[in-house]
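Spelled out from the first residue to the last, the chains are:
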Amino acid sequence: MTRLQIPVLLIVLLFLPHYVLAEMSGILFRTHLTPEAAAELRRFDHEVPVTGRAFVIISREGEREPRLQVHVTGPQLFGKNVRDVKPEHPIEFQDGGGEMTGYPHKKFIGLEPGYYYVQTFLTIYTTFERSDGHIVDLFHDTGAGGPQRMFAGPGNVHSDVQRIYIDPSEDNVYTLELKNVIPPLQPVKEEKVLQQGNPRDTDWVKYVKIKSDLLTEFWGKPMYIGANVLLPKGYNEAPDNEYPVIFHMGHFPGERAPLRFREGAEGSARTKGLYDFWVSEDEPRFIAVSIRDANPYFGTSYSVNSKNVGPYGDAITEELIPYLEEKFRMIGEPWARVLAGGSTGGWEALALQVWYPEFFGGTWSWCPDPVDFNHYQLVNIYEDDNAYYKKRNWIKTERPSNRSVDGNINYTIKQELHWERALGTNSRSGRQWAIWEAVFSPVGADGYPAPIWDPVTGEIDTSVAEYWREHYDIHHYLKENWETVGELLQGKIHIATGDMDNYYLELAVYLLEDFLNEADNPPANAVVEYGRRQTHCWIGESPERPGEELTHAEFIRLVADYMKDRAQYD
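Residues numbered from 1 in each chain as written. Predicted model: local features only at pLDDT ≥ 70, side-chain atom pairs only at ≥ 80, totals over all residues. Heavy atoms only, no water.

Undergrad: Just checking my understanding: could you explain the sheet that holds strand 25 (residues 527-531) for this structure?
TA: Two modes of strand pairing occur in sheets, parallel and antiparallel, and in both the strands are linked by backbone hydrogen bonds. Strands sit in the order 12-13-15-14-18-19-24-25 across an open sheet of eight strands; the sheet is mixed. What marks the edges here is a single partner per strand, and that holds for strand 12 (205-211) and strand 25. Sheet twist, expressed as the average angle between the axes of neighbouring strands with direction ignored, equals 20°. Here strand 19 (residues 362-366) pairs with strand 24 (residues 493-498) via four bridges, running parallel. Following the sheet pairing, Thr363 is matched in strand 24 by Ile493. Of the strands in this sheet, strand 14 (245-249), strand 18 (337-342), strand 19 and strand 24 are in contact with helix 6 (residues 344-355), which crosses strand 18 at around 150°. (Pairing = 2+ DSSP bridges. Helix = DSSP H or I, 4+ residues; strand = E, 2+ residues; numbered from the N terminus. Axes fitted to C-alpha atoms, helices over the stretch in contact; angles between N-to-C directions. Contact = heavy atoms within 4.5 Å.)

Undergrad: Help me understand the nonpolar core, please; the structure alone is not making it clear to me.
TA: One broad trend across soluble globular proteins is that nonpolar side chains are buried collectively. Residues Val289 and Trp453 are the most contacted members of the largest nonpolar core, which totals 86 residues. Counting 32 residues, the second-largest nonpolar core is a separate cluster that includes Ala54, Val85, Ile124 and Val181. (Core = buried A, V, L, I, M, F, W, Y, C linked by side-chain atoms within 4.5 Å. Buried < 20%, exposed > 50% of the residue type's maximum accessible area, 1.4 Å probe, protein only.)

Undergrad: Mind showing me how you'd approach the pairing of strand 23 (residues 409-412) here?
TA: When a strand is regular, its side chains alternate between the sheet's two faces. In the sheet, strand 22 (residues 400-403) pairs with strand 23 via three bridges, with the strands oriented antiparallel. In the sheet register, Pro400 faces strand 23, and the bridge partner there is Thr412.

Undergrad: Help me understand the side chain of Asp167 in this model?
TA: For Asp167, the location among the structural elements is in the loop between strand 9 (162-166) and strand 10 (172-178). Buried and unpaired, Asp167 has no salt bridge, with Arg60 as the nearest side chain of opposite charge at 14 Å. Of note is the side chain of Asp167, whose polar atom sits 2.7 Å from the side chain of Ser169. In this structure Asp167 touches Ile27 and Pro113, once residues within four positions along its chain are discounted. (Lys, Arg positive; Asp, Glu negative; His and termini not counted. Salt bridge = Lys/Arg side-chain N within 4 Å of Asp/Glu carboxyl O. Polar contact = N/O pair within 3.5 Å; in protein donor to acceptor, adjacent residues only side chain to side chain.)

Undergrad: Got a minute to help me understand empty space enclosed by the protein in this structure?
TA: A probe as big as a water molecule, rolled over the atoms, marks out the empty space that is left. Scanning the model with the defined rule gives three cavities of 30 Å³ or more in all. Estimated volume of the largest cavity: approximately 50 Å³. As for the largest cavity, its lining consists of Thr123, Tyr125, Leu138, Phe139, Pro147, Met150, Pro296, Leu423 and Arg428. Secondary-structure elements contributing two or more residues to the lining of the largest cavity are strand 6 (114-129) and strand 7 (135-139). (1 Å grid on protein atoms, 1.4 Å probe; cavity = no way out; pocket = protein on both sides within 12 Å on 5 of 7 lines; lining within 4 Å. Points joined across faces, edges and corners; volume = space filled by probe spheres on them.)

Undergrad: Help me understand the state of the cysteines, please; the structure alone is not making it clear to me.
TA: In the structure shown here, the tally under the stated rule is one disulfide. One disulfide bridge connects Cys367 with Cys537, the sulfur atoms lying 1.4 Å from each other. The sign of the -45° torsion about the S-S bond sets the Cys367-Cys537 disulfide as left-handed. In this pair, Cys367 sits in the loop between strand 19 and strand 20 (389-392) while Cys537 sits in the loop between strand 25 and helix 12 (552-565), placing the two residues 170 residues apart along the sequence. (Disulfide = S-S within 2.5 Å.)

Undergrad: Could you clarify how one ought to interpret the packing of helix 6 against helix 10 (residues 474-489) in this entry?
TA: Two quantities define a packed helix pair, namely the angle between the axes and the distance from one axis to the other. Where helix 6 meets helix 10, the closest approach of the two axes is 10 Å, and the angle between their N-to-C directions is 55°. Classified by the angle their axes make, helix 6 and helix 10 are oblique. Taking contact as the criterion, the partners of Trp347, Leu350, Ala351, Gln353, Val354 and Trp355 in helix 6 are, on helix 10, Ile474, Tyr477, Leu478 and Leu489. Looking at the contact of helix 6 with helix 10 residue by residue, the class counts come to nine nonpolar, one polar and no charged. (Parallel < 35°, antiparallel > 145°, perpendicular 65-115°, else oblique. Nonpolar A, V, L, I, M, F, W, Y, C, P; charged D, E, K, R; others polar.)

This is how it looks when you write it as structure tokens:
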């Protein structure tokens with residue numbers, strides 16, 4: 001080392017602590033669970049001391065509670081896992097302290113000085129001792145639709161909202177009490193469980209839930225699955241009549257009726273005229289069903305068997321649907337069971353038809369989630385090295401996740417994944433990328449889903465990608481198994497999507513369409529339709545109003561004609 005290098009090194013060492021400190025704020029947020037809240041948690045059958053994830057949520061807007069504003073585009077969020085939290089035990093958030101994850105700013109030092117509305121929140125985890133031998137801590141649904149709606153989830157706890165002045169350059173301690181336990185959405189019915197909710201029957205819609213033996217065995221705790229059943233006109237007056245069924249798949253429906261039916265409503269867009277159609281003496285009559293299958297990872301199971309989420313495909317086809325068919329005079333034949341759904345529901349509707357081809361008689365898959373992982377949105381998990389960036393010679397460009405129809409980018413994949421990481425580690429964010437990972441991945445060594453890519457860097461794990469290909473890539477499955485399943489699926493597949501889907505979902509549909517068009521022995525006779533300059537979630541063109549979108553009433557007429565053409569329904 002030269003004499004010149006020695007003084008330079010000393011100067012760097014002298015000032016290094018100041019550079020490090022400059023990246024840290026003196027702000028400390030401290031929150032704790034009150035004894036009264038802890039006592040109320042026990043009435044939810046939550047274990048106290050508590051394991052879960054705690055949050056500090058900071059917003060510029062005061063019209064709504066910060067917890068109800070949480071979204072990838074804001075507000076500021078800090079989260080950290082907590083374990084064995086007792087009443088009055090402090091949970092602390094500060095730059096450089098523990099495993100705190102922040103989004104969009106990683107640390108408090110990133111905040112601009114000013115007044116903010118602040119709230120702390122605690123999501124409660126339940127310990128599951130699964131049948132595969134793994135012990136995991138996850139959100140247990142309490143009736144609001146699983147972790148997808150964690151910030152409104154009954155049994156979770158939040159503080160009052162405080163308006164405070166924050167200056168990251170000053171040392172300050174802020175204290176908030178976790179004292180408000182979110183109450184159940186409805187009083188508990190005879191099942192004495194909050195899972196899947198307890199909505200009350202109406203004249204048109206009946207709500208059921210059953211304990212699933214398959215899911216209970218998998219999770220090591222009693223697990224329920226439910227359905228919202230929309231009855232046809234004249235159901236009670238004709239006790240000998242049986243009806244075909246439309247299974248309307250999608251996110252957790254809560255109390256919402258299938259097809260968004262509302263008694264007496266004129267409706268608008270897709271629901272326009274649905275009530276008048278449903279009560280008409282002349283229109284075809286169906287039963288419509290939505291499924292309530294919130295689980296520890298998401299508001300819906302994706303309706304397939306999964307190593308992480310559980311055997312929901314079998315639970316739906318072997319337990320729930322047979323129960324519904326017996327209870328509600330449904331025609332228990334494959335031709336009388338058709339599927340429909342959009343987005344998540346579009347993937348579910350297609351996957352159920354593909355993996356249970358003899359059980360269902362047709363599917364209408366609208367704007368489905370990725371049906372070919374060569375286009376997992378804009379990521380090719382088989383060929384790309386990194387999910388967050390597209391490399392081109394000397395530059396790398398961050399991949400978008402959501403766009404407007406004019407092409408403007410609303411947020412990127414990296415931003416969305418970093419937001420989800422702040423919401424929950426180990427695929428516990430309760431959001432879109434996390435549930436895909438939970439459904440499609442093998443179980444990791446720690447009992448949680450094996451990540452498809454590093455959540456921080458975006459580097460793709462090729463071994464996990466190969467597992468996805470062999471187990472859940474719908475295009476790949478059909479291509480590899482067409483000789484076996486083709487005859488069972490002939491003429492049953494209908495897909496519609498906009499060609500400017502906000503999440504780029506049309507790209508995977510193009511690849512699947514190419515296969516369906518080329519398939520022979522037998523030909524697929526599938527229908528794939530694109531809406532020009534249509535976004536997420538376009539469901540097809542009206543046969544009665546060219547250039548306009550299909551309504552649910554028109555869709556039901558299409559289903560009736562489809563059944564007649566197959567010589568099954570009159």
